[in-house]
Amino acid sequence: MASFPPIRAVERAIDLLCALNRSPVCTLDALHRRTGIPKPTLVRLLETLQGKALVTRAPLYGAYSLSSGVRQLSCGYHGVPRLVEAAMPSMDELTRKLKWPIALAVPDHDAVVIRYSTIPGSPLSLLHSSINMRLSLVSRALGRAYLAACTAQECRALLDILKLSEDPEDALARQARAVSAMLRQIRQQGYALRMPGVRPVSNTLAVPVFEGRRVVASIGLTWIARAVGQEQAVQKFLPPMQEMARHIRQRLNGL
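Residues numbered from 1 in each chain as written. Predicted model: local features only at pLDDT ≥ 70, side-chain atom pairs only at ≥ 80, totals over all residues. Heavy atoms only, no water.

> Looking at this model, I keep getting lost on the packing of aromatic side chains. Mind explaining?
The geometry of an aromatic ring pair is captured by two quantities: the separation of the ring centres and the angle between the planes. Counted under the stated rule, the structure contains one aromatic pair. Ring plane angle 50 degrees and centroid distance 5.8 Å describe the contact between W223 and F237, whose orientation is recorded as tilted. Here W223 is found in strand 9 (residues 214-224), whereas its partner F237 is found in helix 8 (residues 230-254), with 14 residues between them in sequence. For W223, a relative accessible area of 2% gives the class buried. (Phe/Tyr/Trp six-rings, centres within 6.5 Å; stacked < 30°, edge-to-face > 60°. Helix = DSSP H or I, 4+ residues; strand = E, 2+ residues; numbered from the N terminus. Buried < 20%, exposed > 50% of the residue type's maximum accessible area, 1.4 Å probe, protein only.)

> Would you mind showing me how to read the side chain of R144 here?
Assignment of secondary structure puts R144 in helix 5 (residues 141-149). Here R144 sits buried without a salt bridge, and the closest side chain of opposite charge, E169, lies 8.7 Å off (N-O distance). Sequence-distant contacts of R144, that is, excluding residues within four places in its chain, are made with S136, L137, V138, S139, L172, M182, L183, I186, A192, L193, R194 and M195. (Lys, Arg positive; Asp, Glu negative; His and termini not counted. Salt bridge = Lys/Arg side-chain N within 4 Å of Asp/Glu carboxyl O. Contact = heavy atoms within 4.5 Å.)

> Looking at this structure, I do not really get the pattern of salt bridges. What am I missing?
Side chains that carry opposite charge are capable of pairing whenever their charged atoms lie near each other. In total, this model carries eight salt bridges according to the counting rule given. The shortest N-O distance in the salt bridge between R8 and E11 comes to 3.3 Å. One end of the pair, R8, and the other, E11, are both in helix 1 (residues 8-21), three residues apart, so they sit about a helical turn from each other. Take R8: its relative accessible area is 45%, and that puts it in the partly exposed class. Several salt bridges share partner residues, and in doing so they unite D108, D110 and R134 into one network.

Structure representation (structure tokens):
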């Protein structure tokens, strides 16, 4: 709920842009009928939007249409912002239910990076924040879940990059048989866990997030190791995590 009354002029400007977006060309009369905004106000709004290069007017026909300038309004809405919008409601809801923090990670060259986390809403998190944390593709659950869901070609390319890494957590990438067995197991069971010995105070169960048939991210729930055993965690957390991944996929398709 907003803490202050909405700004009417902003609401009207957005309503006007939405009306213009529904038709290639609109007359003043048509815009008045669709929005209910008085014509003098419409004229002022349209001239303001013209001044910002968002609307253009054909004087001969007295009609208005959106200009190419509106593209700048959506240039930042892709990739990560879109993923976060799709994932946030389900992630927040599951943390409210289970109490443990959940993170969304996206690929970034030789790692995955956390772009959204429910830590602020979790009473059981060991960290104050994990946003922008980079995690190994071969040792961390979020990275493993993503890597295992990649196409064979992408997986080989990422492993070739990791073989050159000096990060100790990436060392497994140089052990072909071990990494192949690890990825095969993750694909068979449908989830990934953190590599044993890496930050043993906690563990993470992660699953991939798809858009269509392409993996675009991973989501992981982290719990304190001494509070929940690994088998118990898989039994309790895997079904809702997989269900959440399906909901996110559906939301991505709808955006």
